[in-house]
Amino acid sequence: MRAILTDESTQVFSSPEEQTISVATLHKDEEFEIGKVVRKKRLAWVEVTLDSGLHGFISGDAHIFGLRKVQLVESSAEMRTEPSSTSGLIKTLSKGDPFFTLRVEKTEEGGWVRVRDLSDTEGYISGKTKIRVMQATTRADARKTLILGAIMTVVGIVFGAVSYLAKETSNTTYYLAIGFIVFGALQLMQGYIQRRQAIAQEKEAQEKKNLMPPQA
């Protein structure tokens with residue numbers, strides 16, 4: 001899962017203990033991948049991988065915000081330059097538009113969410129905006145869908161063939177076999193689309209990683 005640091009800074013250690021060497025320093029708004037949480041001497045540590053490929057651990061006390069790809073549910077939402085309704089308008093998001101949530105900020109007006117659209121434009125939307133989380137597609141998910149589709153299709157074909165050979169040509173049997181085949185075909189199509197999306201997401205992530213400047 002990808003996350004962003006909301007503290008001013010935090011140290012990255014080579015192993016989950018402060019007595020080891022600090023291999024890097026993360027600063028506010030820097031992004032990274034988080035892994036498992038480990039406990040050592042009653043302290044929590046979060047496994048992280050930086051965009052440079054560096055692997056380490058940060059304290060469990062560090063404040064981070066998990067990046068989520070979401071989609072606008074309501075008809076529209078205004079993205080502004082600052083967490084205020086009187087700040088400049090960057091753009092108006094429309095229903096169905098996807099974007100990433102970066103962090104939440106509290107003001108006198110209430111909560112605001114810093115977001116980033118797919119063109120890397122960042123701004124703030126009201127915390128009252130209705131959104132839904134978009135589940136990331138993986139090759140494993142696509143493979144499961146393809147396998148299910150193949151199984152359902154084969155079951156439908158076999159069921160139809162057996163019924164035909166047994167001369168059970170009732171409408172119920174016929175429609176049941178067709179239903180299995182159609183459902184299987186739809187699953188195969190969905191799995192194919194999921195696989196293409198997963199490959200595209202992996203390619204996009206790799207391209208962003210390649211664009212990151214190497215750490216000194």
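Residues numbered from 1 in each chain as written. Predicted model: local features only at pLDDT ≥ 70, side-chain atom pairs only at ≥ 80, totals over all residues. Heavy atoms only, no water.

Participant: I tried to follow the overall build of the protein chain on my own but got confused; where do I start?
Facilitator: Looking only at helices and strands, the protein chain has two helices and 14 strands in total. Each of the 216 residues in the protein chain was classed as buried or not, and the buried ones make up 30%. In the structure as shown, the protein chain presents an accessible area of about 13,900 Å², 56% of it carried by carbon and sulfur atoms. (Helix = DSSP H or I, 4+ residues; strand = E, 2+ residues; numbered from the N terminus. Buried < 20%, exposed > 50% of the residue type's maximum accessible area, 1.4 Å probe, protein only. Areas by Shrake-Rupley, 256 points an atom, 1.4 Å probe, with all protein chains shown as cover.)

Participant: Hey, could you run me through the pattern of salt bridges in this one?
Facilitator: Opposite charge on two side chains permits them to pair, given that their charged atoms come into close proximity. Taken as a whole and assessed by the stated rule, the structure comprises 12 salt bridges. The residue Glu8 makes a salt bridge to Lys28 at a minimum N-O spacing of 4.0 Å. In this pair, Glu8 is assigned in the loop between strand S1 (2-5) and strand S2 (9-13) and Lys28 in the loop between strand S3 (22-27) and strand S4 (31-40), connecting sequence segments 20 residues apart. Given a relative accessible area of 61%, Glu8 falls into the exposed group. With its nearest N and O atoms 3.1 Å apart, the salt bridge here joins Glu122 to Arg116. (Salt bridge = Lys/Arg side-chain N within 4 Å of Asp/Glu carboxyl O.)

Participant: Got a minute to help me understand a nonpolar patch on the surface in this structure?
Facilitator: A cluster of nonpolar side chains, Ile147, Ile151, Val155, Phe159 and Leu176, forms an exposed patch at the surface whose accessible area comes to about 410 Å². Tallying contributions element by element places helix H1 (residues 139-165) first for the nonpolar patch, with four residues. By the secondary structure assignment, Ile151 is in helix H1. (Patch = residues over 30% accessible without salt bridge, like charges linked within 9 Å, V, L, I, M, F, W, Y side chains within 5 Å.)

Participant: For this particular structure, what's the right way to read H1?
Facilitator: Residues lying three or four places apart along an α-helix face the same way, a consequence of the helix completing one turn every 3.6 residues. In this model H1 runs 39 Å from its N-terminal to its C-terminal C-alpha over 27 residues, within 8% of the 39 Å that 1.5 Å per residue would give. Among the residues of H1, Ala142, Thr145, Gly149, Met152, Thr153, Gly156 and Ser163 are the ones counted as buried. (Expected span 1.5 Å × (residues − 1).)

Participant: What exactly am I supposed to notice about the side chain of Thr153 here?
Facilitator: Examined against the element boundaries, Thr153 turns out to sit in helix H1. You can call Thr153 buried: its relative accessible area is 16%. Each residue touching Thr153, except ones within four places of it in the same chain, is listed here: Phe180, Ile181, Gly184, Ala185 and Leu188. (Contact = heavy atoms within 4.5 Å.)

Participant: Honestly, the packing of aromatic side chains in this entry has me stumped. Any pointers?
Facilitator: Think of a pair of aromatic rings as described by two things: how far the centres are apart, and how the planes are tilted against each other in angle. If you walk through the whole model with that rule in mind, you get one aromatic pair. Ring geometry for Phe13 versus Trp45: centroids 5.7 Å apart, planes at 90 degrees, classification edge-to-face. Residue Phe13 is found in strand S2, and its partner Trp45 is found in strand S5 (residues 43-50); the two are separated by 32 residues along the sequence. For the residue pair Phe13 and Trp45, the accessibility class agrees, reading buried in each case. (Phe/Tyr/Trp six-rings, centres within 6.5 Å; stacked < 30°, edge-to-face > 60°.)

Participant: Help me out: how do you make sense of the environment of Gly53 in this one?
Facilitator: By secondary structure assignment, the location of Gly53 is in the loop between S5 and strand S6 (55-59). Look at Gly53 and you get partly exposed, because its relative accessible area is 38%. C-alpha separation for the pair Gly53 and Phe32, spaced 21 residues apart in sequence, amounts to 9.6 Å.

Participant: Would you explain the pairing of strand S12 (residues 110-117) in this entry?
Facilitator: When a strand is regular, its side chains alternate between the sheet's two faces. Within S12, six of the eight residues are buried, which leaves it mostly tucked inside the rest of the structure. The antiparallel pairing of strand S11 (residues 98-107) with S12 creates a hairpin that spans two residues between the two strands. Direction of pairing for S12 relative to strand S13 (residues 122-126): antiparallel, over a ladder of five bridges. If you follow Arg114 over to S13, its bridge partner there is Tyr124. (Pairing = 2+ DSSP bridges.)

Participant: Sorry, what's going on with the nonpolar core here?
Facilitator: In a soluble, globular protein the nonpolar side chains are often hidden away together inside. One finds Ala3, Leu5, Val12, Ala24, Leu26, Phe32, Val46, Val48, Leu50, Ile58 and Ala62 forming the largest nonpolar core, which totals 11 residues. Mapped onto this core, the elements with two or more residues apiece are S1, S3 and S5. Broken down by element, this core gets its largest block of residues, three residues, from S5. Aside from chain neighbours lying at most four places away, what touches Val48 is Val12, Phe32, Glu33, Ile34, Leu54, His55, Gly56, Phe57 and Ile58. Counting nine residues, the second largest nonpolar core, distinct from the first, contains Ala77, Leu93, Phe99 and Val113. (Core = buried A, V, L, I, M, F, W, Y, C linked by side-chain atoms within 4.5 Å.)

Keep in mind that these numbers describe shape and distance, not what the molecule does.
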